[in-house]
Amino acid sequence: MATDAQIVALLNEGQIKLCMEAYLLLTSATTSTVASQAAYSVPSDFIKIEAVFIYNTSTGNKRKLRPIDLMRRDPERSTGDPLYYYIWGTNVSSSNSFTVNLQPIPSTSGTSDLEIWFRQRPLTMVSGGQAPEIPEHFQYALPCYAAWKLFQRDQSPLSLSLAGMYKAEWDEWIRSAQAFINPLTLDQPSTIPDVMGYTSYY
């Protein structure tokens, strides 16, 4: 029905789609700003940028930059302390890659002062013996995706029926992934209700 290479390719496709839909693989990267340079390359394994921070090494202040659309880019290319960022791209050695562009353009250089937080693309599996990078619980979704795509290729009534069954199961996995909350993020400070009114005396 399909070769091992074709099945592995579908498993890779499935885990990428899961990571695009949910917060499964999260990471960050740092780079150094350069005076009068607006564009900074992002890691090749990023799927979606969630936040960009800049750290002023002189004052010690850290600021979250606000995302803007390209059309709001300052045509004057003003320099100063960056407040905004927008996503664009550039060609490096004949290969196109995405960039984070700062506005205003930094007027001074920094050291590891630009932080980019993003959803990460999973590692590509090259053989059936290699485990997916996504969390173990969601690895069970990948066979559903592969089976859906494979049965869909065969237009026989039985195959189409099986394709529909696996598609429904895959859709359920997508909804589960979208609702997923990393358990490490659950340990957050919380306010204890002052039901006795003790703090009213302070």
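From a predicted model like this one, the values you see are computed outputs, not experimental measurements.

Caption draft 1: Examining the packing of aromatic side chains more closely. Applying the stated rule across the entire model yields eight aromatic pairs. When the centroid spacing of 6.5 Å and the interplanar angle of 80° are considered together, the rings of Phe46 and Phe118 count as edge-to-face. With Phe46 in strand S3 (residues 46–55) and Phe118 in strand S10 (residues 114–120), the pair connects residues that are 72 residues apart, well separated along the chain. Phe118 carries the same exposure label as Phe46, and that label is buried. Taking 6.5 Å as the distance between ring centres and 80° as the angle between the ring planes, the aromatic pair formed by Phe53 and Trp117 counts as edge-to-face. Here Trp117 lies in strand S10 and Phe53 lies in strand S3, a separation of 64 residues in the sequence.

Caption draft 2: Spatial organisation of unusual backbone geometry. Of note, the bond from Gln103 into Pro104 is cis; its omega dihedral lies within 30 degrees of zero at -10°. Take Pro104: it is sitting in the loop between strand S8 (95–103) and strand S9 (105–106). Positioned with a positive phi, Arg77 is a non-glycine residue whose angle comes to about 50°. Along the chain, Arg77 falls in the loop between strand S5 (66–67) and strand S6 (79–80). One non-glycine residue with positive phi stands out, namely Ser112, at about 50°.

Caption draft 3: Structural context of helix H4 (residues 157–178). Here H4 contains 22 residues, and its C-alpha end-to-end distance of 32 Å stays within 8% of the 32 Å for a straight helix at 1.5 Å per residue. Taken together, the buried positions of H4 are occupied by Ser159, Ala163, Trp170, Trp173, Ile174 and Ala177. Buried residues of H4, viewed axially, fall in a sector of 100°; they line one side. Along H4, exposed side chains directed more than 90 degrees from the buried face belong to Pro157 and Leu158. At its buried positions, H4 is contacted by helix H1 (4–21), helix H2 (136–139) and helix H3 (141–153).

Caption draft 4: How the structure looks around the sheet that holds strand S2 (residues 39–41). Read from one edge to the other, the open sheet built from four strands follows the order S2-S8-S7-S5, with strand pairing classed as mixed. The sheet terminates laterally at S2 and S5, the two strands that pair on one side only. Across nine bridges, strand S7 (residues 84–92) lies against S8 in antiparallel orientation. Among the inter-strand pairings, Trp88 is bridged to a residue of S8, identified as Thr99.

What counts as what
Each chain has its residues counted from 1, following the order in which its sequence is written. Totals for whole chains, interfaces and linings use every residue, but because this is a predicted model, local features are given only for residues with pLDDT of at least 70 and side-chain atom pairs only at 80 or more, for both listing and counting. Heavy atoms throughout the structure, all of them, feed into the side-chain values; hydrogens and water do not. Classification of ring pairs rests on two measures: the distance between centres of Phe, Tyr or Trp rings, Trp counted by its six-membered ring, which must be within 6.5 Å, and the angle between planes, read as stacked under 30 degrees, edge-to-face over 60 and tilted in between. For helices the rule is a DSSP run of H or I covering at least 4 residues; for strands it is a run of E covering at least 2, with both sets numbered from the N terminus onward. Note on exposure labels: buried denotes an accessible area under 20% of the residue type's maximum, exposed denotes more than 50%, and partly exposed covers the range between, all computed with a 1.4 Å probe on protein chains only. Here the expected length of a helix is defined as 1.5 Å per residue gap, with one fewer gap than residues. When we speak of the arc, we mean the arc of directions from the helix axis to the C-beta atoms. Residues count as neighbours in contact if any of their non-hydrogen atoms are within 4.5 Å of one another. At least two DSSP bridges between two strands are required for those strands to pair.

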